[in-house]
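Coordinate inspection notes
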Amino acid sequence: MKIGKKVAVSSQRSATLVAAFCLLLSATFYSFFSCNHKTDKQPGGTISGKLSNAKNITISLELVREHDDLPLDSVKTDSDGKFSLPNKADHLDYYILRTDPKQVLYLVLKGGENLNITGDAANMINTGEAKGSEENELVGEINSYEKHVRDSLNTIYSRTRDNDKALADSLFRSIWNPYYFRTMRSFAKEFIAKHPKSVIALTATKFLDQQRDLAIYTSLDSSLTAAYPKFLYVQQFHIKVDRMKLLPVGSMAPDINLPSPEGKKIALSSLRGKVVLLDFWASWCGPCRQENPHLTELYKAFHSKGFEIYSVSLDDDKNGWKDAIAMDHLNWIHVSDLKRWESEAAKTYYVEDIPNMILIDKEGKIIAKELSGNDLASKIDEALH
């Protein structure tokens, strides 16, 4: 998210708002502010359905917001789990249908639709489905296809693991995991080609290869920007595509050579032979601090296999920087020139928001950008093997 050079924004929540529709992906989301792209649709329509495990519970409709989602309406289900709510959307945006604090179904609404909701109220993330609008049915198409691929591979993995765990793990890394990415990439390319003016195509881009599919990203950016110039999620995608062109995946990562908290200079290039996560952050950046526990988990899981994190802080207070490292237990490489947004490293990598992470392979080439959650873990695992 381009934010000038004074405010840090979360790279967690925005990714979720686009990727939440992909079944079995539980990552948190990058921050996106509210969208105000008006459409020719007027408020109206209903959101109704029948859910299992939903006797006399409260169903709420909420508009997705940066920090606290905005409640719009709620209703009690009847003894059969039936409910009906007015569709209060008056512009294209992302909404939540919530059955309890942890069970949600993400919806794309623009007003005027009549949606029929089905699923298990106790497991909406995996079972919830919306019929009645093209956008939400396209979400279902992506979810169904990915679920089929994952379930098929999981079944084979489980059967093999029962007999030989080592073999199952080896086959997963060498055959099944690559098969999943190839299959979903092929599906995504076909899906985007069929629906180049649908905002749901943004969801499918998570399965593309940034190095090989830049032309698809560029074409989709052009079509969506023309169709939805004021829709903020499209604006964010446009910024992402611009960044991909500046330092494209496949290019050599420019070197950085900055001092550690102890004053010793450490060059990024000195880590050749390792898979490196280049992490731009700051102690004063709340979203960065929220991301740190996840990075700690990744470091514990992959460090012994040849993975390293090279964190560049955009701090200007050395004590605050050092305190954050200690408080968050960040036991990897840290460097900074303490110039905040004037950091040469940030300028070199066109960093205009944090947290901002770039994955670099053993040869020093950029292999992925704009990653988080399960996608980041999968890319690290793939690069190490």
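Read on for a plain summary of the structure. (Residues numbered from 1 in each chain as written. Predicted model: local features only at pLDDT ≥ 70, side-chain atom pairs only at ≥ 80, totals over all residues. Heavy atoms only, no water.)

Focus: the sheet that holds strand S1 (residues 46-52)
- A sheet is described by the order of its strands in space; here four strands give the open sequence S4-S1-S7-S8, paired in mixed fashion. Taken across any chain shown, the strands that pair with only one partner, and hence form the sheet edges, are strand S4 (82-86) and strand S8 (129-131). Looking at each pair of strands side by side, their axes are set apart by 20° on average, direction ignored. (Pairing = 2+ DSSP bridges. Helix = DSSP H or I, 4+ residues; strand = E, 2+ residues; numbered from the N terminus. Axes fitted to C-alpha atoms, helices over the stretch in contact; angles between N-to-C directions.)

Brief notes about unusual backbone geometry
- Residue Ile354 is joined to Pro355 through a cis peptide bond whose omega torsion reads 0°.
- Following the sequence through the fold, Pro355 ends up in the loop between helix H10 (344-348) and strand S14 (356-360).
- In the Ramachandran plot, Asn53 falls in the positive-phi region, its phi being about 50° despite a non-glycine side chain.
- Here Asn53 shows up in the loop between S1 and strand S2 (58-63).

Focus: the sheet that holds S2
- One open sheet holds the four strands; their spatial order is S3-S2-S5-S6, and the pairing between them is antiparallel. Bordering the open sheet on either side are strand S3 (70-76) and strand S6 (103-109), each of which pairs with just one other strand. The mean angle between the axes of side-by-side strands here comes to 20°, regardless of whether they run parallel or antiparallel.
- Strand direction decides the pairing type here: strand S5 (residues 93-100) and S6, joined by seven bridges, are antiparallel. Paired with Asp100 across the two strands is Gln103, which belongs to S6.

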